[in-house]
Amino acid sequence: MPRDKAILKEQLSQLTKKELTEMVLKLSAKRYNYEYLLVNFLDKDGGEQTLFEEAKEDIDLFWKKEYRGSTIQKQHVNKLNACVKRINEFTVETKNKKLEADLILYVLELQFSNKTRVFGARISGYDYKVGLLLKKLIAIVTKKLHPDYLIDYQDKINDFLFRIHKTSNRINTIKELPEAIE
């Protein structure tokens, strides 16, 4: 049911400043509301960067946390799922594709800092998940960002592509990834 903004505006104008402050504080207890307020009203210039740093800290916590799984690959899949979920939460309010690409790159750097024997397991789905994340990064860098940014990401992406093709080229998603981006 659509809300009538004129009625809402009239009702809000009748509230005192103290009541409005309490209402905003209560609403900002929810993360999405807080992020919206931060990016659109409280810190228009640095709000997205603040949210980026918070997301990066959360990803670091996920990386240190122990996850359940019968194999190390399944544990890493759960860890990667938590990181991807946090990236998606970050992109709800921030439409900055550069910061999204930086977060994805950060997660991929953590994944590829593992020993390469983590890749190549037949049933874990880990290679597939990393491949999807790499595919998303390539799409953002090549299609959504200005071509000048390609230089910043190219070497790291090509290194990731080389390493993942070397260890797990049996998965169709990974086979479909380019050998390198130019």
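Worth saying up front: this structure is predicted, and the values here are computed from it rather than measured.

## A word on the overall build of the chain
Then, in step 1: Scanning the chain for helices and strands turns up nine helices and zero strands.
Then, in step 2: By the compact-globule yardstick of 16 Å for 182 residues, the chain is too spread out, its C-alpha radius of gyration being 21 Å.
Then, in step 3: By residue count, 37% of the 182 residues in the chain fall in the buried class.
Then, in step 4: Within the chain, counting contacts between residues at least 6 apart in sequence, those at least 24 apart form 63% of the total.
Then, in step 5: Total accessible area on the chain stands at roughly 11,800 Å², and carbon and sulfur atoms take up 54% of it.

## Concerning helix H8 (residues 150-167)
Working note: α-helix, 3.6 residues per turn, so residues spaced by three or four point in the same direction.
Then, in step 1: The terminal C-alpha atoms of H8 lie 25 Å apart, and with 18 residues this matches the ideal 26 Å at 1.5 Å per residue to within 8%.
Then, in step 2: Listed as buried for H8 are Leu-150, Tyr-153, Ile-157, Asn-158, Phe-160, Leu-161, Ile-164 and His-165.
Then, in step 3: The inward-facing, buried residues of H8 contact helix H6 (97-112), helix H7 (126-144) and helix H9 (172-175).

## Observations concerning the nonpolar core
Then, in step 1: Judged by nonpolar contacts, the single largest core of 43 residues is most densely connected at Ile-59, Leu-108, Val-130, Leu-134, Leu-137, Val-141 and Ile-157.
Then, in step 2: Of all the secondary-structure elements, those providing two or more residues to this core are helix H3 (31-42), helix H4 (47-64), helix H5 (72-93), H6, H7 and H8.
Then, in step 3: Looking at this core element by element, the count peaks at 10 residues for H6.
Then, in step 4: Excluding anything up to four places from it in sequence, Val-130 contacts Leu-80, Leu-108, Gln-111, Phe-112, Phe-119 and Ile-164.

## Quick notes on the environment of Leu-38
Then, in step 1: With respect to the element layout, Leu-38 can be found in helix H3.
Then, in step 2: The buried category is assigned to Leu-38, whose relative accessible area is 8%.
Then, in step 3: Along the backbone, Leu-38 and Glu-48 are 10 residues apart, and their C-alpha atoms lie at a distance of 8.1 Å.
Then, in step 4: Here Leu-38 is in contact with Asp-43, Lys-44, Gly-47, Thr-50 and Leu-51, once residues within four sequence places are set aside.

Rules behind the numbers
- Residues numbered from 1 in each chain as written.
- Predicted model: local features only at pLDDT ≥ 70, side-chain atom pairs only at ≥ 80, totals over all residues.
- Heavy atoms only, no water.
- Helix = DSSP H or I, 4+ residues; strand = E, 2+ residues; numbered from the N terminus.
- Rg over C-alpha atoms; globule rule 2.2 N^0.38 Å.
- Buried < 20%, exposed > 50% of the residue type's maximum accessible area, 1.4 Å probe, protein only.
- Contact = heavy atoms within 4.5 Å.
- Areas by Shrake-Rupley, 256 points an atom, 1.4 Å probe, with all protein chains shown as cover.
- Expected span 1.5 Å × (residues − 1).
- Core = buried A, V, L, I, M, F, W, Y, C linked by side-chain atoms within 4.5 Å.

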